[in-house]
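What follows is the residue order along each chain.
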Amino acid sequence: MREQTKKRHITTQLVHAGERQAPPEAQPVATPIYASATFTYSSMEEIDQVFSGEKAGYIYTRYGNPTTAALEAAMREVEEGAIACAYATGMAAVHAALIACDLKAGSTVLASQDLYGATTSLLQSVFSAFAVNTVTVDYSDLNEVREKARASRPQVLIAETISNPLLKVCDIEATAAIAREHNARLIIDNTFASPYLVQPLKLGADMVVHSATKYLGGHADTMGGIVVSRDEFDQQALFSVMKLVGGVLGVWDAHEILRGLKTLGVRMERQCENARRLASHLNENARVSRVHYPNLGGLVAIELREDTQEAAFRFMNALQLAVRSTSLGDVFTSVLHPATASHRDLLPVRRRELGIVDGLVRISVGIESIDDIIADIEQALSA
Ligand code: PLP
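What you see is a predicted model, and the numbers here were worked out from it, not measured in a lab.

Calculation criteria
Residues numbered from 1 in each chain as written. Predicted model: local features only at pLDDT ≥ 70, side-chain atom pairs only at ≥ 80, totals over all residues. Heavy atoms only, no water. Helix = DSSP H or I, 4+ residues; strand = E, 2+ residues; numbered from the N terminus. Buried < 20%, exposed > 50% of the residue type's maximum accessible area, 1.4 Å probe, protein only. Pairing = 2+ DSSP bridges. Near = heavy atom within 4 Å. Polar contact = N/O pair within 3.5 Å; in protein donor to acceptor, adjacent residues only side chain to side chain. Areas by Shrake-Rupley, 256 points an atom, 1.4 Å probe, with all protein chains shown as cover. Nonpolar A, V, L, I, M, F, W, Y, C, P; charged D, E, K, R; others polar. Right-handed = clockwise from strand over helix to strand, strands pointing away. Contact = heavy atoms within 4.5 Å. Axes fitted to C-alpha atoms, helices over the stretch in contact; angles between N-to-C directions. Core = buried A, V, L, I, M, F, W, Y, C linked by side-chain atoms within 4.5 Å. Parallel < 35°, antiparallel > 145°, perpendicular 65-115°, else oblique. Left-handed = near helix turned anticlockwise from the far one by under 90°. Phe/Tyr/Trp six-rings, centres within 6.5 Å; stacked < 30°, edge-to-face > 60°. Salt bridge = Lys/Arg side-chain N within 4 Å of Asp/Glu carboxyl O.

Attention now moves to the environment of Asn 295. Along the chain, the position of Asn 295 falls in the loop between strand S8 (288-292) and strand S9 (299-304). Asn 295 gets classed as exposed once you look at its relative accessible area, which sits at 53%.

Within strand S5 (residues 185-189), five of the five residues are buried, leaving the element largely enclosed by the surrounding structure. Pairing of strand S4 (residues 156-160) with S5 involves five bridges; the strand directions are parallel. Pairing of Leu 157 across the sheet is with Leu 186, part of S5. Note: S5 against strand S6 (residues 207-211), three bridges, orientation parallel. Its bridge partner being in S6, Ile 187 is matched across the sheet by Met 207.

Neighbouring the ligand are 13 residues, the closest being Gly 90, Asp 189, Ser 211, Thr 213 and Lys 214. The backbone of Gly 90 places a nitrogen or oxygen atom 2.9 Å from an oxygen atom of the ligand. Within the side chain of Lys 214, an N or O atom sits 2.8 Å from an oxygen atom of the ligand. Surface burial for the ligand is 93%, taken as the share of its 390 Å² of free accessible area covered by protein chains. When its residues are assigned to classes, the shell around the ligand shows four nonpolar, six polar and three charged.

This part covers the pairing of strand S3 (residues 133-137). Sheet analysis places strand S2 (residues 108-112) next to S3, joined by five bridges and oriented parallel. Each bridged residue has a counterpart across the sheet, and for Leu 110 the counterpart in S3 is Val 135. In terms of handedness, the path from S2 via helix H6 (residues 117-126) over to S3 forms a crossover that is right-handed.

A few words on the sheet that holds strand S11 (residues 334-336). The strand order across the open sheet formed by five strands is S8-S9-S12-S11-S10, and the pairing between neighbours is mixed. Either end of the sheet is taken by a strand with one partner, and the two such strands are S8 and strand S10 (323-324). Pairing of S10 with S11 involves two bridges; the strand directions are parallel. Following the sheet pairing, Val 323 is matched in S11 by Ser 334. Sheet contacts for helix H12 (residues 264-282): S8, S9 and strand S12 (360-364); angle to S9, the most-contacted strand, approximately 15 degrees.

Spatially, seven strands are ordered S1-S7-S6-S5-S4-S2-S3 in an open sheet, and the strand pairing comes out mixed. The open sheet is flanked by strand S1 (83-87) and S3, the only strands paired with a single partner. The sheet shows a mean angle of 20 degrees between the axes of neighbouring strands, taken without regard to direction. Each of S2, S3 and S4 is contacted by H6, which is oriented at about 145 degrees to S3, the strand it contacts most. Sitting on the sheet, helix H7 (residues 142-152) touches S2, S3 and S4, and the angle it makes with S3 is about 160 degrees.

The biggest cluster of nonpolar side chains holds 51 residues, and the ones touching the most others in it are Leu 71, Tyr 139, Leu 157, Leu 186, Leu 216 and Ile 226. The element that contributes the greatest number of residues to this core is helix H8 (residues 172-181), accounting for five residues. Dropping the residues within four chain positions of it, Tyr 139 is found in contact with Leu 110, Ala 111, Ser 112, Val 145, Leu 157, Ile 158, Ala 159, Cys 170 and Thr 175.

Moving on to the packing of H7 against H8. Where H7 contacts H8, the axes come no closer than 10 Å and their chain directions differ by 15 degrees. On the basis of their axis angle, the class for H7 and H8 is roughly parallel. With respect to the hand of their crossing, H7 and H8 are arranged in right-handed fashion. Facing Leu 142, Val 145, Arg 146 and Ala 149 of H7, the residues of H8 in contact are Ala 174, Thr 175 and Ile 178. For the contact of H7 with H8, the residue count by class is five nonpolar, one polar and one charged.

With that settled, consider unusual backbone geometry. Geometrically, the link from Asn 164 to Pro 165 is a cis peptide bond, its omega value of 5 degrees lying close to zero. Phi at Arg 153 is positive, roughly 45 degrees, even though this residue is not glycine. In this fold, Arg 153 is placed in the loop between H7 and S4. Residue Leu 167 is not a glycine yet carries a positive backbone phi of 60 degrees. Relative to the helices and strands, Leu 167 is located in the loop between S4 and H8.

This next bit is on the packing of aromatic side chains. Scanning the model with the defined rule gives two aromatic pairs in all. With a centroid separation of 5.5 Å and 85 degrees between ring planes, the pair formed by Tyr 60 and Tyr 63 is classed as edge-to-face. Given a relative accessible area of 28%, Tyr 63 falls into the partly exposed group.

Moving on, we come to the pattern of salt bridges. Evaluated as defined, the whole model comprises 13 salt bridges. When the shortest N-O distance is used, the salt bridge between Glu 256 and Arg 259 registers 3.4 Å. In this pair, Glu 256 and Arg 259 both sit in helix H11 (residues 251-262), three residues apart, roughly one turn of the helix. A single salt-bridge network, built from bridges that share partners, covers Asp 114, Asp 138 and Lys 168.

As structure tokens, this is what we get:
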């Protein structure tokens, strides 16, 4: 073999030299990044067996990859589910979870009125084109959820553990009981809480979705999405969406998210404690008329006494430490103006109905020293 390689032209050697070595005897302590789009075997018969499912193995990264599989295994374990599937973004994960519920023309989704804007748009523009109806409801009012479920007979209920941007907490156990009454499935977007704070499957949800771009990754340098299901039955549908739609998570991102998970616990502890202290501090500030903080998670939303976009922009422009950013859940403190960002596409009258006033600012509290965070926010409020 070596003899043959020697005889080959240098251009051929450059292509093949060093590749496809036997795996090292020592096991790497961290999951390697398998940056390989495809996998080979020693014979065509073996490849045929892997294709047919007779033999387990990787074949093409859109169908599965060892780095991504490690992340899926980790998420399955921490969310206590039966199976997990990773996608390119949180939105791809939300889409896959909805598809896995086997929605058909005439099916109804009972969706939280406070869902992330893109999830609402996905339902109201993409799924509605296939005649799937969406009914919205305030999930913090369980009587209304019961009533609307009775009236609309939904196939799927979907809500967020902590809503955006007013941080309302969903009673997952009670909502799951309503879903069961109607033989409907409950999808919980657990992005704002993370499995460190809440594990929705243990409370009765059927599927959990995450934008891994937020707390799971935690460093604003990657995007991803995960679905974890309590039922192995969902594997086929979730896998098919990944394979056929192709919104598969890249291996570099899978690695970043897997690394992010390792510090999720310590980050969450610090972010929650910082958020608690910031919220109680801002409750005393005369320039703030209302503080939204559910005593859960690392987000705080404030309503400025001067309820205008100008006042919100003035405050946000004056920040020197907190970053003006469209995301959340990162190690650094960041701020977002919902009326012109996440909820920009809503009519002003609908925004008001939902309580998203012009002077509302969402703060994602980071792991910095709380004294520095408070000092920055205080000086900006005085600007
Ligand atoms: N779900 C929630 C609650 C979100 O806040 C977001 C994004 O902000 C998403 C889903 C979508 O995630 P991604 O941006 O990773 O697609």
